[in-house]
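Listed below, chain by chain, are the residues.
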Amino acid sequence: MSTEASNCEGVSVTRPLIGVSTYLESGARWGVWELEAALLPAGYPRLVQRAGGLAAMLPPDDPEQAAAAVARLDGLVIAGGPDVEPARYGAEREPRTGPPARERDAWELALIDAALASGVPLLGICRGMQLLNVALGGTLVQHLDGHAEVVGVFGEHAVKPVPGSLYAGVVPEETSVPSYHHQAVDRLGEGLVASAYAVDGTVEAVELPSGAGWVLGVQWHPEMGQDVRVMRALVEAAAVSPSGV
């Protein structure tokens, strides 16, 4: 459901509507209030806006409503956040895995399924990439060192694209990316291919081959950096997707 705006010359410009999934936190504080809140770090909508899209927050809801929500979007972003519950990929919880966010898992898995079924362009960021992998039957490494060295502080490391991949077509060179995670893709989900790696061999991007629609997951946090190319590629794909026509 693209919306129209005007550029500096008064010409009508279509801005694809990009939905971004959110946290649901039991207690958040602002002003005099401390209440349950749907939260999204401002970097996500700002990146969508900088890339030419119109951002819409998608807080956890009844999974049965996911298809209706996605049908109104031109593109979908599954944002970063807590660890995916290991039961979702048939594993026992390890000691360093965080507490489950079951409501968010269920909602975002339903959003992913709806986007894949309808062909709405999909970008998974960090947890979102991991959840995409799980949605397609893959598994996760529950803990690895070196990708979140200081609690609450984003680090940086190099990511190298796989030549010929969708990701390489967007970012062809090795780049340094903002990163904060302690889990990663283990066995790839059905149909997914790895399209970027860290120096230590960690899978840093996954995608579905061409012909399966625009589907990309990145392990890092583009919303914490200055490079808009990944989000711009999603917005451009959303502008020409069936829902964006």
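None of these values were measured; they are calculated from a predicted model.

Visitor: Let's hear about the side chain of D83: which residues, and what values?
Guide: Position of D83 relative to the elements: it lies in the loop between β7 (75-78) and α3 (102-118). In this structure, D83 is buried with no salt-bridge partner, the nearest side chain bearing the opposite charge being R93 at 7.1 Å. A polar contact of 2.7 Å, which involves the side chain of D83, links it to the backbone nitrogen of G98. Within polar-contact distance, the side chain of D83 engages the side chain of H182 at 2.9 Å. Apart from the residues lying within four places of it in its own chain, the contact partners of D83 are R96, T97, G98, P99, R127, H182 and Q183.

Visitor: Could you give me a rundown of the nonpolar core, with the residues and numbers involved?
Guide: Of all hydrophobic cores here, the largest spans 31 residues; its most connected members are V77, L123, Y167 and M231. Contributions of two or more residues to this core are made by β3 (17-21), α1 (43-50), β8 (122-125), α5 (166-170), β15 (215-218) and α6 (229-240). At seven residues, α6 tops the list of elements feeding residues into this core. Judged by nonpolar contacts, the second largest core, of 30 residues, contains L58, A66, Y89 and V203.

Visitor: Describe in detail the pairing of strand β4 (residues 23-30), supporting the description with residues and values.
Guide: In this structure, β4 lies alongside strand β5 (residues 33-39), joined through six bridges in antiparallel fashion. Across the sheet, residue R29 finds its bridge partner in β5, namely E34. Linking two consecutive strands that pair antiparallel, namely β4 and β5, is a turn of two residues; a positive phi of about 55° is found at G31 within it.

Visitor: Describe a nonpolar patch on the surface, listing the residues and the values that go with them.
Guide: Together, W30, V32, W33 and L35 make up an exposed nonpolar region whose accessible area comes to about 470 Å². Tracing the backbone through its elements, the reader meets W30 in strand β4.

Visitor: Could you give an account of the packing of aromatic side chains, naming the residues involved and the relevant values?
Guide: Applying the stated criterion across every chain yields a total of one aromatic pair. Centroid distance Y167 to W220: 5.5 Å. Interplanar angle 65°. Geometry classified as edge-to-face. Taken together, the residues span a long stretch of sequence, with Y167 in helix α5 and W220 in the loop between β15 and α6 at a distance of 53 residues. One exposure class covers both Y167 and W220, and it is buried. When the ring centre of Y23 is taken as reference, the NZ or CZ atom of R104 above it lies at 4.7 Å.

Visitor: Quick one: what's the story with the sheet that holds β7, residue by residue and with numbers?
Guide: One open sheet holds the nine strands; their spatial order is β6-β3-β7-β8-β15-β14-β13-β10-β11, and the pairing between them is mixed. Two strands in the sheet have a free side with no partner beyond their single neighbour: β6 (54-58) and β11 (175-179). For this sheet the average axis-to-axis angle between neighbouring strands, irrespective of direction, equals 25°. Pairing between β7 and β8: three bridges, direction parallel. Note that in β8 the partner of I78 across the bridge is G124. Sheet contacts for helix α4 (residues 127-135): β7, β8, β14 (203-207) and β15; angle to β8, the most-contacted strand, approximately 115°.

Analysis parameters
- Residues numbered from 1 in each chain as written.
- Predicted model: local features only at pLDDT ≥ 70, side-chain atom pairs only at ≥ 80, totals over all residues.
- Heavy atoms only, no water.
- Helix = DSSP H or I, 4+ residues; strand = E, 2+ residues; numbered from the N terminus.
- Buried < 20%, exposed > 50% of the residue type's maximum accessible area, 1.4 Å probe, protein only.
- Lys, Arg positive; Asp, Glu negative; His and termini not counted.
- Salt bridge = Lys/Arg side-chain N within 4 Å of Asp/Glu carboxyl O.
- Polar contact = N/O pair within 3.5 Å; in protein donor to acceptor, adjacent residues only side chain to side chain.
- Contact = heavy atoms within 4.5 Å.
- Core = buried A, V, L, I, M, F, W, Y, C linked by side-chain atoms within 4.5 Å.
- Pairing = 2+ DSSP bridges.
- Patch = residues over 30% accessible without salt bridge, like charges linked within 9 Å, V, L, I, M, F, W, Y side chains within 5 Å.
- Areas by Shrake-Rupley, 256 points an atom, 1.4 Å probe, with all protein chains shown as cover.
- Phe/Tyr/Trp six-rings, centres within 6.5 Å; stacked < 30°, edge-to-face > 60°.
- Lys NZ or Arg CZ within 6 Å of the ring centre and 35° of its normal.
- Axes fitted to C-alpha atoms, helices over the stretch in contact; angles between N-to-C directions.

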